[in-house]
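# Summary of structural features
The residues making up each chain are set out below.
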Amino acid sequence: MLDAAEVEALLLELMDRPGDTAGGRLRTMLAERLAEADPARALVLGIEKEGVSGFPAYAMREYAMRAMSVSSPAEALASVRALTNPRFRSELMGVVLQTVGRENPELLEGWIRDGDLLGGAEGENAWAIKAAIDRFAELDPQVAVELVAGLSAGRIKLESTGGVAGRWAASDPEAAVTWAKGLKQANLRKRALSEIVSVLSKSDRQLAIEIATEQRDQQLGDQMAGMITKEWAKTDPEAALEWITSGSVRRHESFREWLAASVEHGYDPDLALAAIGEHVPEANRQRMVSDLANTLTRRDRDQAATWVRNLEDDEVRTRLALDMIQNAAYSSPSWAAQFVLDGREAEGDPGAFAQAIPNLAHYLARYDPAAAVEWASKLGDDEPAAMGRIMGAW
């Protein structure tokens with residue numbers, strides 16, 4: 001078996017073949033071997049060779065810190081602290097905390113409690129600490145709660161509070177809710193309860209509804225109602241619609257969540273359109289109808305096209321058709337071009353889509369110039385406008 005020096009020599013020799021795919025895989029394997037045999041040397045090489053074409057510098061640093069974190073966690077932590085490059089320190093501290101958290105969670109708990117992890121929750125290592133606390137929320141929520149309580153106020157404490165709440169809710173929702181409600185700081189309490197409702201909306205809808213409806217903060221309650229509605233509408237859109245129109249939640253935002261989720265998951269767009277007419281104030285209907293068409297387009301563009309063409313309201317039909325053309329012009333100009341031709345024939349009004357033609361002609365010409373010219377020849381009086389943009393695109 002090759003020793004560390006021989007592995008390093010072979011690895012450097014392979015650098016003469018940077019474009020060799022097989023050689024690239026071999027270099028990565030050798031980087032891992034070197035990290036196992038001599039992690040300190042591998043760390044040095046991973047830093048020195050950063051930016052060298054073909055050298056697996058990132059992989060070598062990661063392998064080195066993983067190996068060191070298993071064999072000597074204290075040495076790994078000291079090595080990271082000694083680095084002068086803040087990017088490397090932040091990157092590798094995350095590897096150390098992740099590895100130690102998996103191999104020796106009690107040790108990691110002690111490190112976090114000591115509050116001396118390279119600047120703590122307010123330093124460059126903040127997000128790595130949050131990830132470690134999230135891990136504890138799965139292993140031992142009570143420990144995670146204590147660790148969060150020990151963090152100084154700030155964004156990481158807020159994010160960690162939410163992370164613990166969501167993970168705890170997945171295993172013991174009643175305990176998580178009790179803890180969250182007992183948090184004295186309003187911003188932490190709101191964040192924890194929001195994360196809990198987000199989890200419960202998928203697993204315990206009734207408890208989620210109870211939490212949402214008892215909120216005195218109307219904005220928070222509305223946000224929670226939106227989370228619940230979004231999940232409920234995927235499986236039982238009729239029941240979700242009945243809930244959001246019962247008067248217990250604010251309709252507008254929850255209705256938008258219902259509309260997007262229900263239509264995306266197969267709800268009949270005609271029924272959704274009828275619900276808009278019945279439950280949405282007139283001032284908001286136009287936007288909601290556009291949202292309906294956009295969601296249906298993402299689900300099945302051809303179905304959306306057929307549905308739009310069959311709408312009875314002339315103004316709504318034309319407006320939504322124009323929206324579909326404009327949205328598809330860049331990503332699918334050939335489809336949009338055919339939609340225009342089919343629509344003009346079906347409408348019996350060649351001018352209905354006139355305003356969409358120049359922009360579409362530009363993108364179609366960039367995609368397929370010959371097809372663009374052929375398409376323009378079928379536009380009758382709109383051919384000059386289309387050809388002008390086609391010629392400009394060339």
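Throughout, residues of each chain are indexed from 1 in the direction in which the sequence is written. Residue-level local features of this predicted model are given only where pLDDT is at least 70; pairs of side-chain atoms are given and counted only at 80 or more, and the full residue set underlies all totals for whole chains, interfaces and linings. Each side-chain value is derived from all of the structure's non-hydrogen atoms; neither hydrogens nor water enter the calculation.

## A look at the nonpolar core
Keep this limit in mind: We call a set of buried residues a nonpolar core when its members are Ala, Val, Leu, Ile, Met, Phe, Trp, Tyr or Cys and they connect through side-chain atoms within 4.5 Å of each other. Only protein chains enter the accessibility calculation, which uses a 1.4 Å probe; a residue whose area is less than 20% of its type maximum is buried, one above 50% is exposed, and one in between is partly exposed. Every helix listed is a DSSP run of H or I at least four residues long, and every strand listed is a run of E at least two residues long, numbered separately from the N terminus. What makes two residues a contact is simply this: any of their non-hydrogen atoms within 4.5 Å.
Within the largest apolar cluster, 121 residues are counted, with the highest numbers of intra-cluster contacts made by Phe255, Trp258 and Trp375. Sort the elements by how many residues they give to this core and helix α20 (residues 314-331) lands first, with 8 residues. For tryptophan 375, the residues in contact, after removing those within four places along its chain, are Ala337, Val340, Leu341, Ile357, Leu360, Ala361, Leu364 and Ala386.

## Re the packing of aromatic side chains
Definition in use: Two aromatic rings from Phe, Tyr or Trp, using only the six-membered ring of Trp, form a pair when their centres are within 6.5 Å; if the ring planes differ by under 30 degrees the pair is stacked, by over 60 it is edge-to-face, and anything between is tilted. Placement of a positive charge over a ring is assigned whenever Lys NZ or Arg CZ falls within 6 Å of the ring centre and within 35 degrees of the normal to the ring plane.
The tally for this structure, following the rule as stated, stands at 6 aromatic pairs. Relative to tryptophan 179, the ring of tryptophan 168 lies with its centre 5.9 Å away and its plane at 45 degrees, an arrangement referred to as tilted. Of this pair, tryptophan 168 sits in helix α10 (residues 155-171) while tryptophan 179 sits in helix α11 (residues 173-181); the two residues are 11 residues apart in sequence, bridging distant segments of the chain. Residue tryptophan 168 shares its accessibility class with tryptophan 179, and that shared class is buried. Between the aromatic rings of tryptophan 232 and tryptophan 243, the centroid separation amounts to 5.8 Å while the plane-to-plane angle is 40 degrees, which identifies the pairing as tilted. Within this pair, whereas tryptophan 232 is found in helix α14 (residues 218-235), its partner tryptophan 243 is found in helix α15 (residues 237-244), the two being separated by 11 residues in sequence. With a relative accessible area of 12%, tryptophan 232 lands in the buried category. Its relative accessible area of 11% is what places tryptophan 243 among the buried residues. Here the aromatic cluster, defined as three or more aromatic residues joined through ring pairs, consists of Phe255, Trp258 and Tyr267. The ring of tryptophan 335 has arginine 301 lying over it, and the distance from NZ or CZ to the ring centre is 4.8 Å.

## What to know about the packing of α14 against α15
Rule in force here: Comment: axis = line fitted to C-alpha atoms, over the contacting stretch for helices; angle = value between 0 and 180 degrees taken between N-to-C directions. For classification, angles of less than 35 degrees are called roughly parallel, those exceeding 145 degrees roughly antiparallel, those between 65 and 115 degrees roughly perpendicular, and all remaining angles oblique. Under the scheme applied here, ten amino acids are nonpolar (Ala, Val, Leu, Ile, Met, Phe, Trp, Tyr, Cys and Pro), four are charged (Asp, Glu, Lys and Arg), and all others, including Gly, are polar.
Packing of α14 against α15 leaves a shortest axis separation of 7 Å and a crossing angle of 150 degrees. Our classification of the angle between α14 and α15 gives roughly antiparallel. Taking contact as the criterion, the partners of Ala225, Ile228, Thr229, Trp232, Ala233 and Thr235 in α14 are, on α15, Pro237, Ala239, Ala240, Trp243 and Ile244. Looking at the contact of α14 with α15 residue by residue, the classes come out as 9 nonpolar, 2 polar and no charged.

## So, the pattern of salt bridges
Our working rule: Definition used for salt bridges: Asp or Glu carboxyl oxygen within 4 Å of a side-chain nitrogen of Lys or Arg.
Scanning the model with the defined rule gives 21 salt bridges in all. With its nearest N and O atoms 3.0 Å apart, the salt bridge here joins aspartate 291 to arginine 256. With aspartate 291 in helix α18 (residues 282-299) and arginine 256 in helix α16 (residues 251-264), this pair connects stretches of sequence that are 35 residues apart. Overall, arginine 256 belongs to the partly exposed group, its relative accessible area being 34%. Here lysine 378 makes a salt bridge to glutamate 374, at a shortest N to O gap of 3.9 Å. Each of Lys130, Asp134, Arg135, Glu138 and Arg167 takes part in salt bridges that share partners, so that together they form one network.

Everything listed here is a matter of geometry and, on its own, says nothing about what the molecule does.
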